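# Examining the three-dimensional arrangement
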Amino acid sequence: MKKLLIAALLTAVACSSTPREGTQICAHRGFWKCQDVPNWENSIASLKMAQDYGFWGSEFDVHLTADDIVVVHHDDDKDGLRIADNTYEALAATPLPNGEILPTIDSYLDQGAKSKCVLVLEFKPGETPERREKMVHICFDALNSRGLWSPDRVIFISFDLEICKLIAAEAPEFTNQFLSGNISPEGLNEMGINGLDYHYSVFYDHPEWVEEAHALGMNVNVWTVDSRQDMEYMAALGVDCITTNEPLLLKEVLESR
């Protein structure tokens, strides 16, 4: 069924106008599969590799520790310690598998400021409204202090709808994308949320959402797309950005178009 959908879409595009150009590459948790240096997902090394390879963007995840330090990490625990319940000192006591110390938002953005690679900052869900707001504001301040407070340098994404609403209220000029995939573009637009970043399976079910979002002036990303077949389909739909663990394969696919 998926192959039939792809074939139908590619035929329709070929028979109509020129395909939408400009689909960008976002390295998922950095270019952590690169073998050039000791590397690990969401490490500073993985961000540097995404920068060095010239990808449009690099995605990363943030959490708030018990002592109000924002750290860059995907899971809500590290080495069996729940991030929200532990201090940074406890969490950083053991290094990442590549030898790095657990990055803080400050150390991560120090590297982020060294190139034009767009920082795709994912806020993990907040524990409470107060903790949610504190995490967001710490990140806002860290971006501002490094000259990164610009819609051209960072976009925000989250599964936490309340965080997306907070960003819409306080930083409406920034691309702000909801991740969960269960709200239509029109529904997000009504809440002031100006983008969507949905799992690729959502767009197999709702390919019309890409065009509907663009008609509303919204930005459309898709995650996490690692197969050539799915990359080709999403690019043909005209999404603005594809997040992938295989950025070199995606580069090849996009260049072949």
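Look above for the structure.
These lines cover the structure that appears in this document, whether it is placed above or below.

## Quick word on the overall build of the protein chain
- Scanning the protein chain for helices and strands turns up 11 helices and 11 strands.
- Here the protein chain has a C-alpha radius of gyration of 18 Å; the compact-globule value for 257 residues is 18 Å, and the two agree.
- Referenced to the eigenvectors of the C-alpha coordinate spread, the extents of the protein chain come out at roughly 60 × 45 × 35 Å.
- Here the protein chain holds 257 residues, and 51% of them are scored as buried.
- On the protein chain, roughly 11,400 Å² of surface is accessible, and the fraction owed to carbon and sulfur atoms is 51%.
- Within the protein chain, one finds 20 positive and 41 negative side-chain charges whose respective centroids are separated by 4 Å.

## Some words on the pattern of salt bridges
- Overall, the coordinates contain 16 salt bridges when judged by the stated rule.
- Taking the shortest distance from any N to any O, the salt bridge between R146 and D110 comes out at 2.7 Å. Of the two residues, R146 is situated in the loop between α5 (129-145) and β7 (154-158) and D110 in helix α4 (residues 105-112); the sequence distance between them amounts to 36 residues.
- On the basis of relative accessible area, R146 is assigned to the partly exposed category, the value being 23%.
- Each of D61, E122 and K124 takes part in salt bridges that share partners, so that together they form one network.

## Examining the environment of P185
- Topologically, P185 is positioned in helix α7 (residues 185-190).
- Since its relative accessible area comes to 0%, P185 is described here as buried.
- The sequence separation of P185 and P95 amounts to 90 residues, and the corresponding C-alpha distance is 41 Å.

## So, α4
- For α4, the set of buried residues is I105, Y108, L109, Q111 and G112. Looking straight down α4, one finds its buried side chains confined to an arc of 155°; they lie on one side.
- Among the structural elements, α2 (44-52), β2 (57-64), β3 (70-72), β6 (118-123) and α5 are those in contact with the buried residues of α4.

## A look at the side chain of N98
- With respect to the helices, strands and loops of the structure, N98 is situated in the loop between α3 (88-91) and α4.
- Within polar-contact distance, the side chain of N98 engages the backbone oxygen of P38 at 3.5 Å.
- Looking at N98, its side chain comes within polar contact range of the main-chain nitrogen of E100, at 3.2 Å.
- Here N98 is in contact with P38, N39, W40, S43 and A45, once residues within four sequence places are set aside.

Here is what the cut-offs are and how they apply
Residues numbered from 1 in each chain as written. Predicted model: local features only at pLDDT ≥ 70, side-chain atom pairs only at ≥ 80, totals over all residues. Heavy atoms only, no water. Helix = DSSP H or I, 4+ residues; strand = E, 2+ residues; numbered from the N terminus. Rg over C-alpha atoms; globule rule 2.2 N^0.38 Å. Buried < 20%, exposed > 50% of the residue type's maximum accessible area, 1.4 Å probe, protein only. Areas by Shrake-Rupley, 256 points an atom, 1.4 Å probe, with all protein chains shown as cover. Lys, Arg positive; Asp, Glu negative; His and termini not counted. Charge placed at Lys NZ, Arg CZ, Asp CG, Glu CD. Salt bridge = Lys/Arg side-chain N within 4 Å of Asp/Glu carboxyl O. Arc of directions from axis to C-beta. Contact = heavy atoms within 4.5 Å. Polar contact = N/O pair within 3.5 Å; in protein donor to acceptor, adjacent residues only side chain to side chain.

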